[in-house]
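Summary of the model geometry
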Amino acid sequence: MFKDKIGKASEKNRSRIVLALDLVEASREKLLRKSFSLLENLSNLICAVKINRHLVLPLGLFDGVKKIVGFIHRFGLPAIMDCKINDIGSTNLIIAKNYFRAGFDALTVNPIIGFEDGLKPVLSLAHKNGKGVITVVYMSHKGAKEFYERKVLDGGKPKPQYILFAEKSLRWKVDGVVVGATKPRKIGEIKKVLGEKIPIYSPGIGVQGGKAEKALKMGSSFLIVGRKIINAKNPIKEAERIRMLYG
Ligand code: XMP
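Residues numbered from 1 in each chain as written. Predicted model: local features only at pLDDT ≥ 70, side-chain atom pairs only at ≥ 80, totals over all residues. Heavy atoms only, no water.

1. Brief notes about the site of the ligand
Here is the rule we go by: Being near a molecule or strand, for a residue, comes down to having at least one heavy atom within 4 Å of it. Think of a polar contact as two N or O atoms within 3.5 Å of one another; within protein, one of them needs to be a possible hydrogen donor and the other a possible acceptor, and neighboring residues in sequence only count if both atoms come from side chains. Cavity and pocket criteria rest on a 1 Å grid covering protein atoms alone: a 1.4 Å probe that fits but cannot get out defines a cavity, protein on both sides within 12 Å along at least 5 of 7 lines defines an open pocket, and an atom within 4 Å of a point defines a lining residue. Pocket or cavity membership: a molecule qualifies when more than half of its atoms sit within 2 Å of the grid points of that site. Strands here mean DSSP runs of E at least two residues long; helices mean DSSP runs of H or I at least four residues long; both are numbered from the N terminus. Ten residue types, Ala, Val, Leu, Ile, Met, Phe, Trp, Tyr, Cys and Pro, are classed as nonpolar, four, Asp, Glu, Lys and Arg, as charged, and the remainder, Gly among them, as polar.
Of all residues adjacent to the ligand, which total 16 residues, the nearest are D22, K50, S140, G226 and R227. A distance of 2.8 Å separates an oxygen atom of the ligand from a polar atom in the side chain of K50. Interatomic distance of 3.0 Å between a side-chain N/O atom of Q208 and an oxygen atom of the ligand. Taken atom by atom, the bulk of the ligand overlaps the largest pocket. Those elements that provide at least two residues to the shell around the ligand are strand 3 (79–85) and strand 10 (222–225). Along the lines of polarity and charge, the residues of the shell around the ligand split into seven nonpolar, four polar and five charged.

2. Overview of the packing of aromatic side chains
So the rule is basically this: Centres within 6.5 Å make a pair out of two Phe, Tyr or Trp rings, where for Trp the six-membered ring is used; the pair is then stacked when the planes are under 30 degrees apart, edge-to-face when over 60, and tilted otherwise. The criterion is that NZ of a Lys, or CZ of an Arg, lies within 6 Å of the ring centre and within 35 degrees of the ring normal, and then a charge sits over that ring.
As enumerated under the stated definition, the model contains eight aromatic pairs in all. Measuring from centroid to centroid gives 5.8 Å for F115 and W172, while their planes differ by 15 degrees, and the two rings are stacked. You can see F115 sitting in helix 6 (residues 115–128) and its partner W172 sitting in helix 8 (residues 161–172), a full 57 residues away along the chain. Through a chain of ring-to-ring contacts, the aromatic side chains of Y138, Y148, Y162 and F165 assemble into a single cluster. In this structure, R16 is placed above the aromatic ring of Y246, and the distance from its NZ or CZ to the ring centre is 5.2 Å.

3. Side note on the layout of surface pockets
Applied cut-off: Grid points are joined across faces, edges and corners, and a volume is the space filled by probe spheres set on the points.
In this model, the largest pocket occupies a volume close to 400 Å³. Together, 23 residues line the largest pocket, and K50, S140, P203, G204 and Q208 are the ones closest to its centre. Of all the secondary structure elements, the ones that give two or more residues to the lining of the largest pocket are strand 3, strand 5 (132–138), strand 10 and helix 11 (227–230). Of the residues belonging to the lining of the largest pocket, the class tally is 10 nonpolar, seven polar and six charged. Its boundaries defined by the atoms lining it, the second largest pocket holds a volume of some 260 Å³. Surrounding the second largest pocket, 15 residues form its lining, G7, R16, P199, S221 and F222 being those nearest its centre. With five residues, the top contributor of residues to the lining of the second largest pocket is helix 1 (residues 2–13).

4. Considerations on empty space enclosed by the protein
Scanning the entire structure with this criterion turns up one cavity of 30 Å³ or more. Roughly 40 Å³ of internal volume is contained in the largest cavity. For the largest cavity, the full set of lining residues is V18, K50, I80, T108, I134, V178, Y201 and I224. In the lining of the largest cavity, the residues fall into six nonpolar, one polar and one charged.

5. Section: unusual backbone geometry
Counted only if it meets this: Between buried and exposed lies partly exposed: a residue is buried under 20% and exposed over 50% of the maximum accessible area for its type, with that area taken using a 1.4 Å probe on protein chains only.
In this model, R14 sits at a positive phi of 45 degrees, which is unusual for a non-glycine residue. Here R14 shows up in the loop between helix 1 and strand 1 (17–20). One non-glycine residue with positive phi stands out, namely D117, at about 55 degrees. Given the relative accessible area of 54%, D117 is considered exposed.

6. Thoughts on helix 1
Inclusion rule: Expected span of a helix: the number of residues minus one, times 1.5 Å. Directions drawn from the helix axis to the C-beta atoms are what define this arc.
Look at helix 1: 17 Å from first C-alpha to last across 12 residues, which is about the 16 Å you get at 1.5 Å a residue. Residues F2, I6, A9, S10 and N13 constitute the buried set of helix 1. Projection of helix 1 onto a plane perpendicular to its axis shows the buried side chains occupying an angular sector of 100 degrees, all on one side. When the buried face of helix 1 is taken as reference, the exposed residues oriented beyond 90 degrees from it are K8, E11 and K12. Phi turns positive, to about 45 degrees, at R14, one or two residues after helix 1.

Shown next, in the form of structure tokens:
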């Protein structure tokens, strides 16, 4: 199962860092070369790699990204596709099938689409194949508050949208939730809903202003870090510094 895979890698490397491999290069060759060299240098300092459209669009899923996913697996690390699935069930299923066929171990989804004919087929497919599904519960960017903080009615008293997303994630038995590190208090509130049942993944460290220490203290299990590491003068040193927070 995905949760076991990331747990094992995290323990082995004593790291909670999910590396966001968001490279921007002028050519496909450079993108591939830089991806392989960063992975080689950082593989023992991280617990997973997250890929986004930065690589999928220029390289293609089966032409280029599949090779990178294979390389990630050679180090015993899981690969997460940050595709934020957001469509009707039949389309979601095609998206998920293709990413899983390319070797991904988990993918991100938007909980706003709901369960029946939305996320249900994705969760069934994932869990049948030992793969993971991670819901985006509260995003890290500034505009997130416009909708994630809206009060909604769900039978009882009004509650913020992100709390309902967390409650639903628990009910749907997802494998992780994303909560931005830029909102440490929200991490604490969501941790209260999830307890130890579902781990929190926090992006937004460094460039977006989130603090790794604070996120972990409030209840995040994993830190998603991209530019702070990959654009650092010395990515190894930067990853080592963040890894020290493993506890
Ligand atoms: P940086 O460079 O800011 O990259 O460390 C973060 C990576 O994570 C993605 N990201 C998010 N993904 N919910 C998500 O599911 C979020 O709130 C969120 N914030 C950032 C971002 O696209 C990049 O790949």
